[in-house]
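# Observations on chain architecture
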Amino acid sequence: MQFGVLGPLAVTTDAGEPVVVPGTKVRALLADLLTNRNQVVSADRLIDDLWGEDAPANPAGALQVRVSQLRKALNDAEPGARDLVESRPPGYLLRADAVDADRFDELARSTDVERLTEALALWRGEAYADVADAEFVRAEATRLGEQRLAVHERLAEARLARGEHDLVAADLAELVARHPLREGLRAVQLRALYAAGRQSEALDSYAELRDRLAEELGLDPGPELVALHRRILEQDAGLSAPPTAAIIRNSLPAQLDELVGRAEALAELRALLPRQRLVTLVGPGGVGKTRLATETARAQSFPDGVQLVELASLPVGDTRVAEQVLAALGAHEAAGTSLSPADRVVTALRHRRLLLVLDNCEHLVEPVAELVARLLRDVPGVSVLATSREPLGLTGELLWEVPPLPVPDDGDLDTVQRSAAARLFAARAAAQQRGFRLDGRTAPAVAQLCRRLDGLPLALELAATRVRALGLRGVVDRLDDRFQLLSTAQRDVPPRQRTLTAVIGWSWDLLDEADRTVLARLAVFRDGCTPEAAEQVCQTDLDTLARLVDRSLVVLDDSGAGPRYRLFESVVAFCLDRLTDGDEVRVRHAAYYTELAERADPGLRGADQQRWLALLDAETANLRSALVHGGGLRLAVALSWYWHLRGRLTEARRALAVPGAPEQETRAAPWRVGFALSQGEAIAPDDVRAAVAADPNGHAAWFAANAVIEHGDLALASELLTTAPVDTWTEAAVLTSLAHIAHAGGDQTVLERTATRSAALFADIGDRWGRLRATEWVGGLADMRGEHERAAALHREGLRWAEELALWPQVCAELSWLAWLAVQTRDYAQGRELAERAYGLAVEQGSPGALVFAEMSLGLAARRDGKLDLAVTHLTRLADLGRGESQPALYLPMILVELGYAVEQGGDPDAALALHIEAFEVAEAMTTMRDAVGPLEGMAAATRSPEVAARLLGAAAAARLAARAPAAPAERDDIDRVTERLRAQLGPERFDALVAEGAKLSPSEARAQL
């Protein structure tokens, strides 16, 4: 399929048959896709381009209709052509390999008269003529129009060189009339007229241009045209021949080593350059801008080559940029001319098509920008590729930020080998030390080095030069003294790149004193900061911060919840050495983050919970720094609830251990107790009471009281939870605790009332953590009633919520619940998998309660799946742990029953019976008689008397019925196993009679049968 845009849109089949594209909007869609051919155009952009503010009610549907119409038109003309329009997120792509504009671009690079003539013959009118008013084609149409005029100029120059003076003058007459202010065309016409002996017409043409420029633009002709006019007046005989131009050479340095990790960047830049006249590679020192620019330029095919101009040798602020370009071009001033250096550059390049690479522009931005602006305006055949640590700031400039090389997330060999930063370091280190290898032994150290050097190529290469003398581990160990470490004695490296200090110092020296002060202050932040934090802590404004971003010393990261300013680790180290008011800045830093944490604390208990969690997550490193530099106990108290939600118990205890003012000590007391209890530490009841009484607002008091439940002291927990809540959130939180207590005691009525009321209150507040906690006990109630599918659905939803919020303690709880339910419903493999995930999370968080819940399911799954040795190992450890509590652990009766079954199935019924009796006595002492049912069934399995066993089963069944706690499928298996044995021993009638007798006994009376 052939596409034409050099005139009205035209589509033809490969056989040359025209294709009818119906409808204005469909043609506009085709034009939009053609201007961005072989690239994805988003649906949103296409909708905006086609309809603007008059979009239909269903714009996505309307666009899809137009796409379908375009595909049909193409396919009707040439079967299979519908596939040229591809649907690719986030929009559509047109595969167009045969476009007249691309052929024109190819021909226009030539200096041959025939090929230039062929290029112009492709035109059928103005580019995109039938959709030229559309904004989305304007830039492309303008570019093509400019290129067309440039080809006319070059063709006229070539024909002048052949002596076709009259023909050129005649051909240019109409073109000059249509573009009367284009000085390049006018200059060629003047030379053609003069060479044809028509001096007066040449002077008249110049006068007309001068008058029109003055009237329409208020300008004078350019210096090159003024000089040409003077030569005509002087009847300069040399005007008959084309002007002497500089000899253009491809001046790129030879490639000495492989460019690592930039394949995608090279591909993008190589495709971009022919269509974009000014591309500036920006980035920090040492990121590899020069190397990327030279390798990009090496692949270009400009007719007059590529010219590299190195500007680093000029002093800061030097204005002799044009002279440097002229020297690189080898251009010499002709005798008798008095043009300025910039005019001479324009003259030398006027009729050339080449790529000019301007390297290291950051210290000469103003003069470089002035010259480049002139070239873009007056020399259409020249494209510029610049490298700089800050933009040139010109219209039409495309900024291409050169990123550091990707670094490995961890030390896994496969991950490290995929990292471009690691591959670069390994290649350079191997060049210095022949035996160096990137393998399983070296990968972790290489990963650490790459991360600490931020993936900056120059820093990695400097580090590689030290491997031979220090070894890899020695280099990594000395990174804290990186400025002493990272230097090289390589003689062909410029002085400003021989040390890391020089690389950063080059940018530092270009800043004024005020900007240096702000940059140094930014170094106190850890892992970046928001614009607001930077303004307050550094006492600066957004303009200053923007300048530092422009100069590639500060990186703007907009990939997360909001923009953040970041400094590379090496820049941080450099700036901290130059921070003169560090104490004052750190005080402001600590104050800012303390106030932030205090604003976040109430926000973590409402509808904005997710936003505040994300914000505090992003500021974790800054918060830790603030704790050390002035935030102290006040900040620790403000962060306590956040730490609990994230499961950072050890961090919380460490921070809260710091002494503070009396008021802060009072507020910290219940948090300290609550976190200690959460990590399994025993606290005397009176100490718990004293800490709870000290809490002024109820939140921390509830936290400490709730932690008591995990230690099995339900009476103390109930006592502490009787205080009237001070707000709705605390009321809802207290209800979750009461639901927990009710679940432990088997009181379904209280459990249902408290859990559902708590869930409703938390829903009204918008606290998703609270809804999770309340729903957990609603699920517990469903499990208790034998509604296992409903319970699993509730906990699966809870797991999804918890993972969305990254509430890892709750993730652990939901995984454990789902593991428990899987075991109860005989899915032992799933139970083990879920429990192992929960156990791993619990280990990470250092939460004893979560570890117990997870290991419980591991033990149950192993026992019921016949893995008795593994079950005994898990269950014995849990039993010993539960017995060691000051109050018997809530889980102890269940664990003893499971251990009893495992021992009984292993062939020791007497030991099993002792365990079941112990379980019953623990449940009786805890007054949680629901937990006495399992021990009765276990005793029935272990006792040697079948008559007693049958009565025990009857009493257990009656207790289950009274407690509304039917046996789960897995529990049913144990009961059925014992029942089948007893029926065989006693006979069905005798067994049923004994069971009926047992049903009349209380659990305690049944126990007395033994």
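Above this note sits the structure.
Keep in mind the model is a prediction, meaning the values are calculated, not measured.

Reading the values: rules and limits
- Residues numbered from 1 in each chain as written.
- Predicted model: local features only at pLDDT ≥ 70, side-chain atom pairs only at ≥ 80, totals over all residues.
- Heavy atoms only, no water.
- Helix = DSSP H or I, 4+ residues; strand = E, 2+ residues; numbered from the N terminus.
- Rg over C-alpha atoms; globule rule 2.2 N^0.38 Å.
- Buried < 20%, exposed > 50% of the residue type's maximum accessible area, 1.4 Å probe, protein only.
- Contact = heavy atoms within 4.5 Å.
- Areas by Shrake-Rupley, 256 points an atom, 1.4 Å probe, with all protein chains shown as cover.
- Lys, Arg positive; Asp, Glu negative; His and termini not counted.
- Charge placed at Lys NZ, Arg CZ, Asp CG, Glu CD.
- Axes fitted to C-alpha atoms, helices over the stretch in contact; angles between N-to-C directions.
- Parallel < 35°, antiparallel > 145°, perpendicular 65-115°, else oblique.
- Left-handed = near helix turned anticlockwise from the far one by under 90°.
- Nonpolar A, V, L, I, M, F, W, Y, C, P; charged D, E, K, R; others polar.
- Polar contact = N/O pair within 3.5 Å; in protein donor to acceptor, adjacent residues only side chain to side chain.
- Pairing = 2+ DSSP bridges.
- Patch = residues over 30% accessible without salt bridge, like charges linked within 9 Å, V, L, I, M, F, W, Y side chains within 5 Å.
- Salt bridge = Lys/Arg side-chain N within 4 Å of Asp/Glu carboxyl O.
- Arc of directions from axis to C-beta.
- Core = buried A, V, L, I, M, F, W, Y, C linked by side-chain atoms within 4.5 Å.
- Phe/Tyr/Trp six-rings, centres within 6.5 Å; stacked < 30°, edge-to-face > 60°.
- Lys NZ or Arg CZ within 6 Å of the ring centre and 35° of its normal.

This part takes up the overall build of the protein. For the protein, the helix and strand inventory stands at 49 helices and 12 strands. Against the compact-globule benchmark of 30 Å for 1010 residues, the protein has a radius of gyration of 40 Å, which places it well outside the compact range. With the C-alpha coordinates of the protein rotated into their principal frame, the extents come out at 135 × 70 × 60 Å. Looking at the protein as a whole, 53% of its 1010 residues qualify as buried. Sequence separation of at least 24 residues holds for 68% of the intrachain contacts in the protein that already meet a minimum separation of 6. Of the roughly 43,200 Å² of accessible surface on the protein, a fraction of 51% belongs to carbon and sulfur atoms. Of the charged side chains in the protein, 112 are positive and 148 negative, and the gap between their average positions amounts to 3 Å.

Let's shift gears to the packing of helix H18 (residues 443-452) against helix H20 (residues 467-477). Across the interface, H18 lies against H20 with an axial gap of 10 Å and an inter-helix angle of 40°. In this view, H18 runs oblique relative to H20, as classed from their interaxial angle. Crossing of H18 against H20: the hand is left-handed. In this structure, H18 contributes Ala 445, Val 446, Gln 448 and Leu 449 to the contact, and H20 contributes Leu 472, Arg 473, Val 475 and Val 476. Of the residues belonging to the contact of H18 with H20, the class tally is 6 nonpolar, 1 polar and 1 charged.

Further remarks concern the side chain of Thr 594. Its place among the elements puts Thr 594 in helix H27 (residues 582-603). Under the relative-accessibility criterion, Thr 594 is labelled buried at 4%. Within the structure, Thr 594 has its side chain in polar contact with the backbone oxygen of Ala 590 (distance 2.7 Å).

Turning our attention to the sheet that holds strand E5 (residues 91-94). A sheet is described by the order of its strands in space; here 3 strands give the open sequence E3-E5-E4, paired in antiparallel fashion. Sheet topology places strand E3 (41-42) and strand E4 (85-88) at the edges, where each strand pairs with a single neighbour. Bridge count for E4 against E5 is 4 bridges, and the pairing is antiparallel. Each bridged residue has a counterpart across the sheet, and for Ser 87 the counterpart in E5 is Tyr 92. The strands touched by helix H1 (residues 24-35) are E3, E4 and E5; relative to E5, the strand with the most contacts, the crossing angle is about 75°.

Before going further, it helps to spend a moment on the sheet that holds strand E9 (residues 382-388). Ordered in space as E7-E8-E9-E6-E10, the 5 strands form an open sheet in which the pairing is parallel. Both outer strands of the open sheet, strand E7 (306-310) and strand E10 (398-401), are each paired with one neighbouring strand and no more. Strand after strand, the sheet turns through a mean of 20° between neighbouring axes, direction not considered. Both strand E6 (residues 278-282) and E9 contribute to a ladder of 5 bridges, which runs parallel. Bridge pairing links Val 282 to Ser 388 in E9. Packed onto the sheet, helix H12 (residues 289-298) meets E6, E7, strand E8 (354-359), E9 and E10 and runs at close to 160° relative to E9. Sitting on the sheet, helix H15 (residues 365-378) touches E6, E8 and E9, and the angle it makes with E8 is about 170°.

Within the element layout of this structure, Arg 646 appears in helix H29 (residues 620-646). Residue classification places Arg 646 among the buried residues on the basis of a relative accessible area of 7%. A polar side-chain atom of Arg 646 sits 2.7 Å from the main-chain carbonyl oxygen of Leu 805. Here the side chain of Arg 646 touches Ala 806 through a polar contact of 2.6 Å, landing on its backbone oxygen. If sequence neighbours within four positions are ignored, Arg 646 has contacts with Leu 613, Asp 617, Leu 805, Ala 806, Leu 807, Trp 808 and Pro 809.

As a further point, take a negative patch on the surface. The grouping of Asp 44, Asp 48, Glu 53 and Asp 54 at the surface amounts to a negative patch. With respect to the secondary-structure elements, Asp 48 resides in helix H2 (residues 43-51).

As a further point, take the environment of Asn 622. As for its placement among the helices and strands, Asn 622 is situated in helix H29. Asn 622 sits 94 residues away from Gly 528 along the chain, and the two C-alpha atoms are 8.1 Å apart. Those residues in contact with Asn 622 that lie beyond four places of it in its chain are Phe 525, Arg 526, Gly 528, Arg 564, His 589 and Tyr 593. At 2.8 Å, the side chain of Asn 622 and the backbone oxygen of Gly 528 are in polar contact. Here His 589 takes part through its side chain, which lies 3.1 Å from a polar atom of the side chain of Asn 622.

Closest axis-to-axis distance for the helix H39 (residues 808-824)/helix H41 (residues 848-864) pair is 9 Å, and the angle between their directions is 20°. Overall, the two elements H39 and H41 adopt an arrangement that is roughly parallel. Of the two elements, H39 crosses H41, and the hand of that crossing is left-handed. Only Ala 850, Phe 853, Ala 854, Met 856, Ser 857, Leu 860, Ala 861 and Arg 864 of H41 make contact with H39, whose side of the interface consists of Cys 812, Ala 813, Ser 816, Trp 817, Ala 819, Trp 820, Val 823 and Gln 824. Residues belonging to the contact of H39 with H41 are distributed by class as follows: 12 nonpolar, 3 polar and 1 charged.

Phi is positive for Asn 38, close to 65°, though the residue is something other than glycine. With respect to the element layout, Asn 38 can be found in the loop between H1 and E3. Take Asn 38: its relative accessible area is 38%, and that puts it in the partly exposed class.

Here the focus is helix H28 (residues 609-618). Among the residues of H28, those classed as buried are Gln 609, Trp 612, Leu 613 and Leu 616. Buried residues of H28, seen end-on, are gathered within an arc of 105° and therefore sit on one face of the element. Summarising the contacts, the buried residues of H28 are in contact with H27, H29, helix H37 (768-784) and helix H38 (788-805).

For the rest of this paragraph, the subject is the nonpolar core. Soluble globular proteins tend to bury their nonpolar side chains together. Grouped together as the largest cluster of nonpolar side chains are 230 residues, with contacts concentrated most on Phe 425 and Leu 522. Residue contacts for Leu 522: discarding those within four places in its chain leaves Cys 529, Ala 534, Cys 538, Leu 545, Leu 548, Val 554 and Leu 567. In terms of nonpolar packing, the next biggest core, distinct from the first, is built from 52 residues, Val 85, Tyr 92, Phe 136 and Leu 144 among them.

The final tally for this structure, using the stated rule, is 20 aromatic pairs. With 5.3 Å between their ring centres and 85° between their planes, Trp 641 and Trp 729 make a pair best called edge-to-face. Taken together, the residues span a long stretch of sequence, with Trp 641 in helix H29 and Trp 729 in helix H35 (residues 728-745) at a distance of 88 residues. Both residues of the pair, Trp 641 and Trp 729, count as buried. For the pair Trp 641 and Trp 769, a centre-to-centre distance of 4.9 Å together with 85° between the ring planes defines the contact as edge-to-face. With Trp 641 in helix H29 and Trp 769 in helix H37, this residue pair connects regions lying 128 residues apart in the sequence. Summarising the burial analysis for this pair, Trp 641 and Trp 769 share the class buried. Taken together, the ring pairs in this structure connect Trp 641, Trp 671, Phe 675, Trp 702, Phe 703, Trp 729, Phe 762 and Trp 769 into an aromatic cluster. One Lys or Arg, Arg 578, reaches over the ring of Phe 574 and ends 3.5 Å from the middle of that ring. Above the face of the Trp 612 ring, Arg 611 is positioned so that its terminal group lies 4.8 Å from the ring centre.

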